[in-house]
Amino acid sequence: NPNRNPKPNPNRNPKPNPDLNPHPSAPTPTLTPMRRTRLVAMILGLGFGLGTGLRRRGRRPLCASAGAGMRVGVVGGGMAGVAVAYHLVAFHGARVTLYDEAAPGAGGATAAAAGILHPLSPRGRLMWLGAEGLAEAKELLAVAQQHLEERESLEVAGSLLRPLMSDKNAETFAAAAEKDPSLLSYLEAGDVASTTEGRGAYVIEGGSVIDVRSYLNGLWNACVARGAKLNPRRIALREDPNPSDDAAISLAELRQREDAVVLTAGAALGRVLSVRGVTLQAVRGECLEFAEATEDATVLKSGLLAGEYVLPGGQEAGTRMVRLGATKTFLEEGDGDDRGFFEVAGDDDGVARVASDTLAPKAARLFPPLLGPEFELKRVRSAVRVHSQRSNLGRVPVAGRIDEDEDAALWCLGALGARGLIHHAILGRYVAEAVASGDETLIPPPCRKPLEALRDHA
C-alpha cells in the first residue's frame, strides 16, 4: 500500500509564526502545580497523582463491577475507616461491617482531630497528593453534608492563615508564594489577630476548618443508607485466637467471617504492624478547648497555624469555642500509656495544667485574647496517633495488603498522622478499589512500600 508510509508532511511541524506572539522575547507562561491540577480537573473531570504511580481518576471507580456482594470488615471508625467503608458501599456494592466500640468519629485520634484541611507542607509548598487529596476530601464533605439531619455547615471556618512569627518564616513563605501564587496570598499585619511584629500573614488558599465529628456522622449516615452496619464489639488485634476478653472478636475469627478485612485503627494498627517488623511512631497529643467567658470576647474568624494552632471551635450551647493545640509526646513501646482517647475537664490539675503550660507561650502570640479574661479553659482532649517514617515525600500514610490466607486478605490504611483530612478520602478510595478488585497496584507505591518490603523480607 503506497499510503502506508506516506512522505513527511512539511506542514505538520510548521515554523513558529512571529505574528502569533507579538512579544517573542517575553517568557512563556507556565502552569504551577496547583493551576495544572485545577485545569485538568476542569477540562476532563479527572485528577492525577503525578509522580506517584497512580492511574487515572474518573467519577466512577476503576473497578465499578468488582466487589459486588463482597463481605468486608473495616476495623476502626475514624476518618480512614469511614472513607474506605463509604467507597466500598457506594461504588462497589460491598457488604460492609464497621467494627468499633465507639460511634464513628467518637473514638481514637479522630475524636481529638483539629479539623484542619489544606494541601500545604509546613514550608508552604504543595505536599504529596495535596491538591488531589483536597479535591477528594471536599467531595466527601459534600456527601456528608447531604446526610446530616441538621444541615448546618460542616465548615467551622472558611479560611486559614499562616502568621509570620519570625523573619525566617517570612522568607520561607515569600519564596513559596512566589513559586506558586495560587497557593498563598499575603495579608498585611493590621489584618491579622496574631502578634507578628509587622510581618503579616499568608492566607492558605482553599484551606478551612472542619467539624470532624459532624462530618463523620454525616458520612457514616451515607454508608448506612447504602447498607453498611456497625458492630460495637472490640477486635483483639494481637491475633490471639482466644482473647481473654470474652466480648472481643479475635482477628482470626474476623477473617473467617469476612471475605476481606481492612485495618484502619491507627494506634492498634501500629501494634499489629510492629509484630511484623513495620515500625510506626506513636505520638500522644493534647488540644485545649476554651469557651467565651464574656459577652464582648474577641471573635476568631479564621484558623491560625504556626506549628501550633488556634482555631474557631464552633458553638456549644450557644457559646463560641476556640481550640488550641497541640502538644506532642513521642511514645515508646512498653511505656504504659495505653489510654487511647480521653478528655478531662479544664480544671483538672494534671493533664490540663501541663498542656496549658506547654502551649501558652505560642498562644500568647497567635491569639493574645485567649489567655486573658475573655476565655476560660473548658476541657482537654488527648489521643494517640501514629506516623510513618519520614521520606523524601514527607510522612506518607501506610496502605496496602498485609497478607493473604485461605480465609480473607488482610489490608490496611493508617499512619495518617496529623494530616488525616487531606489524605483519608483519596487513599480511602484507592484502598476500596484495591480490596474490591484484589489489585494492590491501585494503591500508590509510596504507601505500599513498607508492606512490600515486609513481604520481600519474609
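Here, every reference points to the structure presented above.
A few points on the structure. Keep in mind the model is a prediction, meaning the values are calculated, not measured.

**Here's the deal with the pattern of salt bridges**
Reasoning step 1: Using the criterion set out here, one finds 17 salt bridges in the structure.
Reasoning step 2: Residue glutamate 308 pairs with lysine 362 through a salt bridge whose shortest N-O separation is 2.8 Å. Here glutamate 308, found in strand β15 (residues 308-316), pairs with lysine 362, found in helix α8 (residues 351-366); they are 54 residues apart in sequence, far enough to count as distant.
Reasoning step 3: Residue arginine 379 pairs with glutamate 316 through a salt bridge whose shortest N-O separation is 2.9 Å. Highlighted residues: arginine 379 in strand β19 (residues 375-387) and glutamate 316 in strand β15, separated in sequence by 63 residues.

**A closer look at the packing of helix α3 (residues 130-146) against helix α5 (residues 212-225)**
Reasoning step 1: Contact geometry for α3 and α5: axes closest at 7 Å, N-to-C directions at 75 degrees. One element, α3, and the other, α5, form an angle in the roughly perpendicular class. Only Tyr215, Gly218, Leu219 and Ala222 of α5 make contact with α3, whose side of the interface consists of Leu140, Leu141, Val143 and Ala144.
Reasoning step 2: Looking at the contact of α3 with α5 residue by residue, the classes come out as 7 nonpolar, 1 polar and no charged.

**Some points on the sheet that holds strand β4 (residues 155-157)**
For sheets, the rule is that strands pair by backbone hydrogen bonds, running either parallel or antiparallel.
Reasoning step 1: Reading across the sheet, the 3 strands line up as β3-β8-β4 and stay open at both edges, with antiparallel pairing between neighbours. Edge positions in the open sheet fall to β3 (116-117) and β4, since each of these has one partner strand only.

**Some thoughts on the pairing of β15**
The two faces of the sheet receive side chains in turn, since in a regular strand these alternate between them.
Reasoning step 1: Pairing geometry for strand β14 (residues 303-306) and β15, over 3 bridges, is antiparallel. Each bridged residue has a counterpart across the sheet, and for alanine 306 the counterpart in β15 is glutamate 308.
Reasoning step 2: Here β15 runs beside strand β16 (residues 319-325); their pairing, made up of 6 bridges, is antiparallel. Note on β16: the bridge partner recorded for tyrosine 309 is glycine 325.
Reasoning step 3: Hairpin connection of β15 to β16: 2 residues between the antiparallel strands, including alanine 317 at a positive phi of 55 degrees.

**Some remarks on the packing of helix α2 (residues 79-91) against α5**
Reasoning step 1: Two numbers describe how α2 lies on α5: the axes approach to 9 Å, and their chain directions differ by 25 degrees. If you check the angle between α2 and α5, you find them roughly parallel. Every pair of crossing elements has a handedness; the one defined by α2 and α5 is left-handed. Contacts between α2 and α5 pair Met79, Val82, Ala83, Ala85, Tyr86 and Val89 from the former with Val212, Leu216, Leu219, Trp220, Ala222 and Cys223 from the latter.
Reasoning step 2: Its residues assigned to classes, the contact of α2 with α5 comprises 12 nonpolar, no polar and no charged.

Definitions and limits used
- Residues numbered from 1 in each chain as written.
- Predicted model: local features only at pLDDT ≥ 70, side-chain atom pairs only at ≥ 80, totals over all residues.
- Heavy atoms only, no water.
- Salt bridge = Lys/Arg side-chain N within 4 Å of Asp/Glu carboxyl O.
- Helix = DSSP H or I, 4+ residues; strand = E, 2+ residues; numbered from the N terminus.
- Axes fitted to C-alpha atoms, helices over the stretch in contact; angles between N-to-C directions.
- Parallel < 35°, antiparallel > 145°, perpendicular 65-115°, else oblique.
- Contact = heavy atoms within 4.5 Å.
- Nonpolar A, V, L, I, M, F, W, Y, C, P; charged D, E, K, R; others polar.
- Pairing = 2+ DSSP bridges.
- Left-handed = near helix turned anticlockwise from the far one by under 90°.

Spatial relationships are all this shows, so hold off on functional conclusions.
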